[in-house]
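# Coordinate inspection notes
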Amino acid sequence: MLRLKLIACKALYREFCLLTAACNNFVDVTYLKQGLHDTPKLLNQALQHEIDKIDSGDDIYSYYPRFGRDFYAILLGYGLCSNGIIGLRSKKYQLVTPKTDDCIGLLLGSSRRYKDYFAQHPGTYWYTPSWIENAYTPSEEMKNRLLKEYTEKYGEDNAKYLVETELMLKNYKRAAFVAWDELPFIEHEQYAKRAAEYFGWEYDRIKGETGMLEDFIGGRWDERFLVIPPGKMIEADYEGNIIRTAQ
Amino acid sequence: MSILTEISTFLQQGRANNVKELVSKALEEGNSAQQILDEGLLSGMSVIGEKFKNNEVYVPEVLIAARAMNAGMEILKPVLISSNSKAKGKVVLGTVKGDLHDIGKNLVKIMFEGKGIEVIDLGVDVAPQVFVDTAIKENANIIACSALLTTTMTMMKDVVKEAEDRGLKGKVTVMIGGAPVTQNFCDSIGADYYAPDAASASDTALQICQS
């Protein structure tokens, strides 16, 4: 049994809860709020801050190494996420992170599968249980809430304009709901479906795969994952691997 | 407060109608269109751009400021065109294949036009071949590509390659930008210039057109 520290985004909250509970390894989890990828610098700072605290052994969210038991690695439950993980390093532990652009690849079970779907269907808005619960996802109800919030802040005229542009309704064509058999949420599926109908988009229900995340916390780190030795840094890779260890 | 400072302030607040009114008034009072553009509209946009970079304001504030800038430009454009005999250069602009996010691209367009550069806006999801075909047909100085996603920015490599294959190296400059794009990435794909934001993109573009 490995003792692992996982720092993950709440965009994967339910999925990681399910898998870490059943995992053979001891997985100590800290979740950061969803949406930090919109400000990649802040995401980067928040992650480095967590890593530094774990390194020094005084993170209030993490197991404190005692009795000769320490973490084997720190796992980052993130994709590249707008370059938010570039430059991260741990002084003490190896870092492990999946080679994927964002969390959708993780939920689909492979980065390749995500890229193939993306190439075939540009303009897809992704819906997942954790996204619907933690983030803004377009729907009639959310649109009206946003309109109200913006009207108070910026006036009616600007609010209407913002909702049209910010939702980017003119460019999106499809809602894709990633469904895991292990986490059936009919309510969320229906939410995504209703949104698609409201905006006049196509709707697609895609069966997700738990395998990549299971292997991630299970310690089966093959070429789908990057293992960075202590003291080394994550950097972007433009040759198809998404990320690599900086030399 | 001078009228130009007032224009800049209203623009930063996204008050398009006030900007429009004051731009007309500033012209009536004898300010030159170029001065209103530089010290009113563009100065306001650069304040907003700087604040955005520092996470002091977010996308909505930038969007309504840009909208106010457009409102002011509607008044200024005819005056600018009649006083400047010709555009300072020509740019073919678009988001790369697969990427439908055009907020950044539209900001760049506004800033380019503010500098007197003609923009051929190809919109979103533009194939490498279309960038290059248009640049040749329009005899453009620059191809400018934008991407929001790490999944799509790699398409910029294909634009650079297409431009090279068609013999545009050294003739047409390829500029790239967008949230995930970095100088490192620019160097790795052999693009000519990377711009971290719309304001510096327009400065760089102007230099290229005038060189």
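Just so it is clear, the structure is predicted and the values come from calculations on it, not from any experiment. (Residues numbered from 1 in each chain as written. Chains lettered and ligands numbered in written order. Predicted model: local features only at pLDDT ≥ 70, side-chain atom pairs only at ≥ 80, totals over all residues. Heavy atoms only, no water.)

## Considering the packing of helix α4 (residues 59–83) of chain B against helix α5 (residues 103–114) of chain B
All names here are of chain B. Remark: α4 packs on α5, axes separated minimally by 11 Å, with the N-to-C direction vectors making an angle of 35°. Helix-helix and strand crossings are classified by hand; for α4 and α5 the assignment is left-handed. Judged by residue contacts, V59, V62, L63, A66, M69, N70, M73 and K77 of α4 engage I103, L107, I110, E113 and G114 from α5. In terms of residue class, the contact of α4 with α5 is built from nine nonpolar, two polar and two charged. (Axes fitted to C-alpha atoms, helices over the stretch in contact; angles between N-to-C directions. Helix = DSSP H or I, 4+ residues; strand = E, 2+ residues; numbered from the N terminus. Left-handed = near helix turned anticlockwise from the far one by under 90°. Contact = heavy atoms within 4.5 Å. Nonpolar A, V, L, I, M, F, W, Y, C, P; charged D, E, K, R; others polar.)

## Let's talk about the domain arrangement of chain B
All names here are of chain B. Parsing chain B into structural domains produces domain 1 (3–82) and domain 2 (90–210). Of the residues lining the interface, 12 residues belong to domain 1; the matching set on domain 2 comes to seven residues. Of the roughly 860 Å² buried at the junction of domain 1 and domain 2 (both faces included), carbon and sulfur atoms supply 79%. At the junction of domain 1 with domain 2, the criterion picks out two salt bridges. With a closest N to O distance of 3.2 Å, K53 and D197 form a salt bridge. One can count one residue pair in polar contact (both at pLDDT 80 or more) joining domain 1 with domain 2. For the side of domain 1 that touches domain 2, the secondary-structure elements that each account for two or more residues are α3 (33–53) and α4. With eight residues, α4 is the largest single contributor of residues to the side of domain 1 that touches domain 2. A per-class count over the side of domain 1 that touches domain 2 returns nine nonpolar, one polar and two charged. (Domains from an automatic or database assignment. Buried area = accessible area lost by both parts, 1.4 Å probe. Salt bridge = Lys/Arg side-chain N within 4 Å of Asp/Glu carboxyl O. Polar contact = N/O pair within 3.5 Å; in protein donor to acceptor, adjacent residues only side chain to side chain.)

## What to know about the domain arrangement of chain A
All names here are of chain A. We note that the domain assignment places domain 1 (3–100 + 210–245) and domain 2 (111–207) within chain A. Using C-alpha coordinates to define each centre, domain 1 is positioned 27 Å away from domain 2. In this assembly, 16 residues from domain 1 lie in contact with 13 residues from domain 2. Broken down residue by residue, the surface that domain 1 buries against domain 2 is led by R14, E15 and Q34, which jointly contribute 43%.

## Describing the pattern of salt bridges
When charged atoms on two side chains of opposite charge get close, those side chains can pair. Residue and element names in this part refer to chain A. Counted according to the given criterion, the structure contains 36 salt bridges over all chains. When the shortest N-O distance is used, the salt bridge between E141 and R145 registers 3.2 Å. With E141 and R145 both in helix α6 (residues 140–154) and four residues apart, the pair spans about one turn of that helix. On the basis of relative accessible area, E141 is assigned to the partly exposed category, the value being 45%. For E189, the salt bridge is made with R205, and the minimal N-O distance between the two is 2.7 Å. In this pair, E189 sits in helix α8 (residues 186–199) while R205 sits in strand β7 (residues 202–207), placing the two residues 16 residues apart along the sequence. Assessed through its relative accessible area of 15%, E189 is described here as buried. (Buried < 20%, exposed > 50% of the residue type's maximum accessible area, 1.4 Å probe, protein only.)

## What to know about the interface of chain A and chain B
Contacts between the two partners involve 26 residues from chain A, matched on the other side by 26 residues from chain B. Taking both partners together, chain A and chain B bury about 2,300 Å²; carbon and sulfur atoms supply 58% of that area. For the pair chain A and chain B, the interface holds two salt bridges. The interface formed by chain A and chain B contains nine residue pairs in polar contact (both at pLDDT 80 or more).

## Focus on α3 of chain B
Residue and element names in this part refer to chain B. End to end, α3 covers 28 Å across 21 residues, agreeing with the expected 30 Å (1.5 Å per residue, within 8%). Taking the largest bend as the criterion, α3 deviates by roughly 35°, centred on L42. Listed as buried for α3 are A33, I36, L37, G40, L41, L42, G44, M45 and I48. Buried positions along α3 lie against α1 (3–12), α2 (16–28), α4 and α5. At the exit of α3 stands N55, carrying a positive phi of roughly 60°. (Expected span 1.5 Å × (residues − 1). Bend = angle between axes of the 7 residues up to and from the residue.)

## With respect to the sheet that holds β7 of chain A
Hydrogen bonds along the backbone pair up the strands of a sheet, which may run parallel or antiparallel. All names here are of chain A. Strand order in the open sheet formed by three strands is β5-β6-β7, with parallel pairing between adjacent strands. The two strands at the open ends of the sheet, each matched to only one other strand, are β5 (124–127) and β7. With strand direction ignored, the average angle separating the axes of adjacent strands in the sheet is 25°. Bridging between β5 and strand β6 (residues 174–179) involves four bridges; their strand directions are parallel. If you follow T124 over to β6, its bridge partner there is R174. Against the sheet, helix α4 (residues 111–120) contacts β5, β6 and β7, and its axis sits at roughly 165° relative to β7. (Pairing = 2+ DSSP bridges.)

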